Protein chains: 2
Amino acid sequence: MKNPALLLIASGETSPDIRYAAGFSTPDEFILFGVDGVLCAVMSPLEYDRARANAAPDCQVLAESELGGPDRMAVFREIVRRFRIDGFIVPENFPLLWADKLRAAGIPVETRAGTFFPEREFKSKEEADKIRECEKGAAAGFFRAREVLGEASVGKNGMLVRDGEPLTSETLRAEIDAAMLRSGMLPTGTICAGGSQSARPHETGSGALYAGTPIVLDIFPKSQTTGYWGDMTRTVVKGKAPEIVRRAHRAVCEAKKRAISLLGIGAIPAEIHRAADAVLQKHGFFTGIGNAGHFGFFHGLGHGVGLEIHEAPRLSPGNVRPLRGGEIVTVEPGLYYPEWGGVRQEDLLWLSPDGETVDFTEVDDRLEIE
Amino acid sequence: MKNPALLLIASGETSPDIRYAAGFSTPDEFILFGVDGVLCAVMSPLEYDRARANAAPDCQVLAESELGGPDRMAVFREIVRRFRIDGFIVPENFPLLWADKLRAAGIPVETRAGTFFPEREFKSKEEADKIRECEKGAAAGFFRAREVLGEASVGKNGMLVRDGEPLTSETLRAEIDAAMLRSGMLPTGTICAGGSQSARPHETGSGALYAGTPIVLDIFPKSQTTGYWGDMTRTVVKGKAPEIVRRAHRAVCEAKKRAISLLGIGAIPAEIHRAADAVLQKHGFFTGIGNAGHFGFFHGLGHGVGLEIHEAPRLSPGNVRPLRGGEIVTVEPGLYYPEWGGVRQEDLLWLSPDGETVDFTEVDDRLEIE
């Protein structure tokens, strides 16, 4: 293709790329194309006025009726004709149906490998500030959890009790989430996983919570206004933590600290992951598969955060591409054993373009709550 | 293709189809395939244990390592080999990258038109109960809003005041959302649009709220546990509503009532939409485009709700397919005029398989709040 246009069909709610380019978000899909360095969003009557009011400065808003819509193929043909383009470059997750229809109409379609707008990975100061706001919202949620757990009493069999009722994962989550909402954050599946549930990294958690067992609180809100995310995890124990949990917590905190010290422009993610794992092993915590499934440290050390909760770069054993300025990543070592549960500690950090590493997670690593 | 397999690559968070089939949800993408009437989810080590614990009874969970993973192409080749299939049927929004890779490897890929699991449109009693729970959560949010607006006082220039501060869309939204969280619902962009903002149907709303102007409250939470949605809208005015708002509200309520009375198995959505519009016109409210954009009733009357907030069937002027038992739809006529704002009233209704129409929105249509 000599003169291709960029093409996206997505909703702002599900596509961070279209949100990044358009500067606004919609519940329904729309078409966005880019030609000669200019981006244009094609809007239905329902969304047109709102899009015009909120579009990014470098994104034009066109009514679909100007381009022969609402029939999408008519719109595509009009774009081809009007801008004399000879094909479309689309993201990897472009809907197959529309690629097939375009190709059947003789219009070439090619995917762009990786992130569609790779510049999304490198955050400006303005974007970093937005993400820091999200992390503050997450911290507000965590502090509320600490408060609620502090006020809870310990009932029969160690069950936590609040206002005469068992304190459950569901109640604790609602308290965390309500605190985040007050700072404009949208909770999206806050993890409050206690006891044996904490041994499964993505388990959301349900049912009564108990003293003396780890409770993993993984909090990752999305800003209602900006669409950016925060992400943090702390593991807490109401009352006295068992020796094994204390040891694992110490190991995980040390692994986190070590990994953060290695972050920086030019550092290799795979090496940082391995360094964190080495700290865990030094403390006697190993990784493998047993009868009850996986145990130890069996996920990546971290991931990029931006308009996606999981985005580039991955801090994984397989990623050898050096880190670059502007990236925002989590560092979240964890240990999970079916016998006693799990521990994970997660901070969110910005590699500022001038080489500084800024920890956005202003929350200490205290394990026990009295 | 003589012996194709169904194939999905998606996360449970973004694909209602994969959630429906697998019975669980994940933040990250996974592969799900169906062959000889059996569904299999292919999970990474991170998700394997949780998937096994939560999978639907008729969905098997395989470790990606059993199928040559994590390399996806290896997994696809192994599925082809092991089950002797000759291609894949995929959803319309299947990621183009993987379709291109499969086809390049000589494995045919075809999209299935429309909803991938069309049976999602027809809700069982069990599913209807889950959606009714969501609607109750939405109503809890609305009742909280009424309470907050009732307690607010009217300050200078009609600005609403609460605890000495201006009552804003953001504050009211946080109150609605917090009330929903307590019932296990995830708010997802609750609309609190006051004054001129209410004239834009999808405007989320921001800034101070005022007495004597319409405030559109469109509340559509997603259940954190089931993934189903609720959806309701009420328009309210603090204090006395202007005559034009009262007239529009009366027209919209009558249009809603009329449309609901026409719902039923065999009814034609396009006819119901037109009947609602006719009621609005009878009251003197017309639709068109002016200098300031669209005015009147310029969106569809309603839409299906399930694991998607917008799904089939659409109650739109273009849909002539008769309604069927098990469908759950919104009925939400609205009127929007840049001069004075907007009014929308929305209920959620189940067409039970035995022909009954059940209104899930147990909230009255009162306009004014003292």
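Refer to the structure above for everything that follows.
Quick summary incoming for the structure in this document. The numbers attached to residues start from 1 for each chain and follow its sequence in the written order. Labels are handed out in written order, letters beginning with A for the chains and numbers beginning with 1 for the ligands. The predicted nature of this model means local features are confined to residues of pLDDT at least 70 and side-chain atom pairs, given and counted, to a pLDDT of 80 or more, with totals for whole chains, interfaces and linings taken over all residues. No hydrogens and no water enter the side-chain calculation; it runs on all heavy atoms of the structure.

1. Digging into the overall build of chain A
- We count a stretch as a helix when DSSP gives it H or I for four or more residues in a row; a strand needs E for two or more, and each element gets its number in order from the N terminus. Broken down by element type, chain A carries 8 helices and 24 strands.
- Taken over the C-alpha atoms alone, chain A extends approximately 70 × 45 × 45 Å along its principal axes.
- Throughout, exposure labels follow a simple rule: accessible area from a 1.4 Å probe, protein chains only, divided by the maximum for the residue type, with under 20% read as buried, over 50% as exposed, and the rest as partly exposed. Looking at chain A as a whole, 59% of its 370 residues qualify as buried.
- Any two residues whose heavy atoms approach within 4.5 Å are treated as being in contact. Once local pairs closer than 6 in sequence are excluded, the contacts in chain A between residues at least 24 apart make up 62%.
- Only the protein chains shown count as cover for residues, with accessible areas throughout obtained via the Shrake-Rupley method and a probe of 1.4 Å. Total accessible area on chain A is roughly 14,500 Å²; 51% of this is exposed by carbon and sulfur atoms.
- All tallies of charge rest on Lys and Arg as positive and Asp and Glu as negative; His and the ends of each chain are not included. A charge is said to be at NZ when it belongs to Lys, at CZ for Arg, at CG for Asp and at CD for Glu. Separation of charge centres in chain A, based on 42 positive and 52 negative side chains, amounts to 2 Å.

2. Examining the packing of aromatic side chains
- Here a Phe, Tyr or Trp ring, Trp counted by its six-membered ring, pairs with any other such ring whose centre lies within 6.5 Å, and the pair is stacked when the planes are under 30 degrees apart, edge-to-face when over 60, and tilted otherwise. On inspection of all chains with the given rule, the structure shows 24 aromatic pairs over all chains.
- Judged by centre distance (5.6 Å) and plane angle (25 degrees), the rings of Tyr 337 of chain B and Trp 340 of chain B are stacked. Of the two residues, Tyr 337 of chain B and Trp 340 of chain B, neither departs from the other in class, the shared state being buried.
- Taken together, Phe 285, Phe 295, Tyr 337 and Trp 340 of chain A form an aromatic cluster joined through their ring pairs.
- Seen from the ring of Phe 116 of chain A, Arg 112 of chain A lies directly overhead, with NZ or CZ sitting 5.1 Å from the centre. Remark: a charge is flagged as sitting over a ring if the NZ atom of Lys or the CZ atom of Arg is within 6 Å of the ring centre and within 35 degrees of the ring normal.

3. What to know about the sheet that holds strand 5 (residues 88–91) of chain A
All names here are of chain A.
- Between any two strands, at least two bridges found by DSSP are needed for them to pair. Read across the sheet, 6 strands follow the order 4-3-2-1-5-6 without closing on themselves; strand pairing throughout is mixed. Looking at strand neighbours, the two that pair on one side only are strand 4 (59–63) and strand 6 (109–112), the edges of this open sheet. Neighbour to neighbour, the strand axes of the sheet diverge by 30 degrees on average, direction disregarded.
- Where strand 2 (residues 30–35) and strand 3 (residues 38–43) come together, 5 bridges link them in antiparallel fashion. Its bridge partner lying in strand 3, Gly 34 is registered against Leu 39.
- Axes, fitted as lines to C-alpha atoms, cover a helix only where it is in contact. Angles between the N-to-C directions of the axes lie from 0 to 180 degrees. Running over the sheet, helix 2 (residues 45–54) touches strand 3 and strand 4 and is turned about 150 degrees from strand 4.
- Its contacts with the sheet place helix 3 (residues 72–83) against strand 1 (5–10), strand 2, strand 3 and strand 5, and it is angled at close to 10 degrees to strand 2.

4. Here's the deal with the packing of helix 6 (residues 169–182) of chain A against helix 6 (residues 169–182) of chain B
- Interhelical geometry of helix 6 of chain A versus helix 6 of chain B gives an angle of 170 degrees and a closest axis separation of 9 Å. Here helix 6 of chain A is positioned roughly antiparallel relative to helix 6 of chain B, judged by the angle of their axes. In this structure, helix 6 of chain A uses Ala 174, Asp 177, Ala 178, Leu 181 and Arg 182 of chain A to contact helix 6 of chain B, whose residues at the interface are Ala 174, Asp 177, Ala 178, Leu 181 and Arg 182 of chain B.
- For this scheme, ten residues count as nonpolar: Ala, Val, Leu, Ile, Met, Phe, Trp, Tyr, Cys and Pro. Four count as charged, namely Asp, Glu, Lys and Arg, and the remainder, Gly too, count as polar. Residues of the contact of helix 6 of chain A with helix 6 of chain B, tallied by class, amount to 6 nonpolar, no polar and 4 charged. Any angle from 65 to 115 degrees is called roughly perpendicular, while one under 35 is roughly parallel, one over 145 is roughly antiparallel, and all others are oblique.

5. Description of the nonpolar core
- Definition used in this section: a nonpolar core is a set of buried Ala, Val, Leu, Ile, Met, Phe, Trp, Tyr and Cys residues joined via side-chain atoms within 4.5 Å. Grouped together as the largest cluster of nonpolar side chains are 51 residues, with contacts concentrated most on Phe 88 of chain A together with Phe 88 of chain B.
- Sequence-distant contacts of Phe 88 of chain A, that is, excluding residues within four places in its chain, are made with Met 1, Ala 5, Leu 6, Leu 7, Phe 76, Ile 79, Val 80, Leu 102, Ile 107, Pro 108, Val 109 and Glu 110 of chain A.

6. Thoughts on helix 7 (residues 243–262) of chain B
- What a helix is expected to span follows from its residue count: subtract one and scale by 1.5 Å. Here helix 7 of chain B spans 29 Å end to end across 20 residues, near enough to the 28 Å set by a 1.5 Å rise per residue.
- For helix 7 of chain B, the set of buried residues is Val 245, Ala 248, His 249, Ala 251, Val 252, Cys 253, Ala 255, Lys 256, Ala 259 and Ile 260 of chain B.

7. With respect to the relation of the copies chain A and chain B
- Each copy superposes on the other: chain A lies on chain B with an RMSD of 0.1 Å after a rotation of 180 degrees and an axial shift of 0.1 Å. This pairing of chains is accounted for by a two-fold axis. Least squares is the method used to superpose the copies, on C-alpha atoms of residues holding a pLDDT of at least 70 in both.

8. Examining the sheet that holds strand 7 (residues 153–154) of chain B
- With respect to topology, 3 strands assemble into an open sheet ordered 7-8-9 (chain B), the strand pairing being antiparallel. Of all the strands in the sheet, just strand 7 and strand 9 (165–166) of chain B have a single pairing partner and so form its edges.

9. A short note on the interface of chain A and chain B
- If you look at the interface, chain A gives 42 residues, while chain B gives 42 residues.
- Each of two parts loses accessible area, computed with a 1.4 Å probe, when they are put together; buried area is these two losses added. Summed over both partners, the interface of chain A with chain B comes to about 3,500 Å²; 62% of that surface belongs to carbon and sulfur atoms.
- Among the residues chain A hides against chain B, the three largest losses belong to Leu 46, Leu 96 and His 202 of chain A. Together they make up 19% of the total.
- Criterion for a salt bridge: a side-chain nitrogen of Lys or Arg within 4 Å of a carboxyl oxygen of Asp or Glu. In this structure, the connection of chain A to chain B is made through 2 salt bridges.

10. Section: the side chain of Arg 50 of chain A
- Mapping Arg 50 of chain A onto the fold places it in helix 2.
- For Arg 50 of chain A, a relative accessible area of 10% gives the class buried.
- Ignoring sequence-local partners within four residues, the contact set of Arg 50 of chain A consists of Ser 25, Thr 26 and Pro 27 of chain A together with Arg 200, His 202, Glu 203 and Thr 204 of chain B.

11. Here's the deal with the pattern of salt bridges
- Scanning all chains against the criterion turns up 54 salt bridges over all chains.
- The shortest N-O distance in the salt bridge between Asp 100 of chain A and Arg 103 of chain B comes to 2.9 Å. A residue pair is termed interchain when its members come from two chains, as with Asp 100 of chain A in helix 4 (residues 96–104) and Arg 103 of chain B in helix 4 (residues 96–104).
- When its relative accessible area of 24% is taken as the criterion, Asp 100 of chain A is described as partly exposed.
- Here Arg 103 of chain B falls in the partly exposed class, since its relative accessible area comes to 29%.
- One network of salt bridges, with partners in common, ties together Asp 17, Arg 120, Lys 123, Glu 308 and Glu 311 of chain A.

12. Brief notes about the pairing of strand 18 (residues 311–315) of chain B
Residues and elements named next belong to chain B.
- Where strand 17 (residues 302–304) meets strand 18, 3 bridges bridge the pair, whose relative direction is antiparallel. Within the sheet, the bridge partner assigned to Gly 304 lies in strand 18 and is Glu 311.
- In sequence, strand 17 turns back onto strand 18 through a hairpin of 6 residues.

13. Here's the deal with the environment of Ser 183 of chain A
Residues and elements named next belong to chain A.
- Note that Ser 183 resides in the loop between helix 6 and strand 10 (185–186).
- Taking relative accessible area as the criterion, Ser 183 reaches 37% and is therefore assigned partly exposed.
- As for Ser 183 and Lys 2, which are separated by 181 residues in sequence, their C-alpha atoms are 48 Å apart.
- Beyond its immediate stretch of four places on either side in the chain, Ser 183 contacts Gly 137 and Ala 140.

14. Details of helix 8 (residues 269–282) of chain A
All names here are of chain A.
- With 14 residues, helix 8 extends 20 Å from end C-alpha to end C-alpha; this agrees with the ideal 20 Å at 1.5 Å per step.
- All of the buried residues along helix 8 are Pro 269, Ala 270, Ile 272, His 273, Ala 275, Ala 276, Asp 277, Val 279 and Leu 280.
- Where helix 8 is buried, its residues touch helix 7 (243–262), strand 18 (311–315) and strand 20 (334–337).
- Note on helix 8: the residue one or two positions beyond its end, Gly 284, has a positive phi of about 90 degrees.

15. Considerations on the pairing of strand 4 of chain A
Residue and element names in this part refer to chain A.
- In terms of burial, strand 4 is largely enclosed, as 4 of its 5 residues are buried.
- As paired strands, strand 3 and strand 4 are joined by 5 bridges and run parallel to one another. Residue pairing in the sheet places Val 42 in a bridge with Leu 62 of strand 4.
- Note on handedness: a crossover is taken as right-handed if, strands pointing away from the viewer, the path from the first strand over the helix to the second is clockwise. Traced from strand 3 through helix 2 to strand 4, the parallel crossover comes out right-handed.

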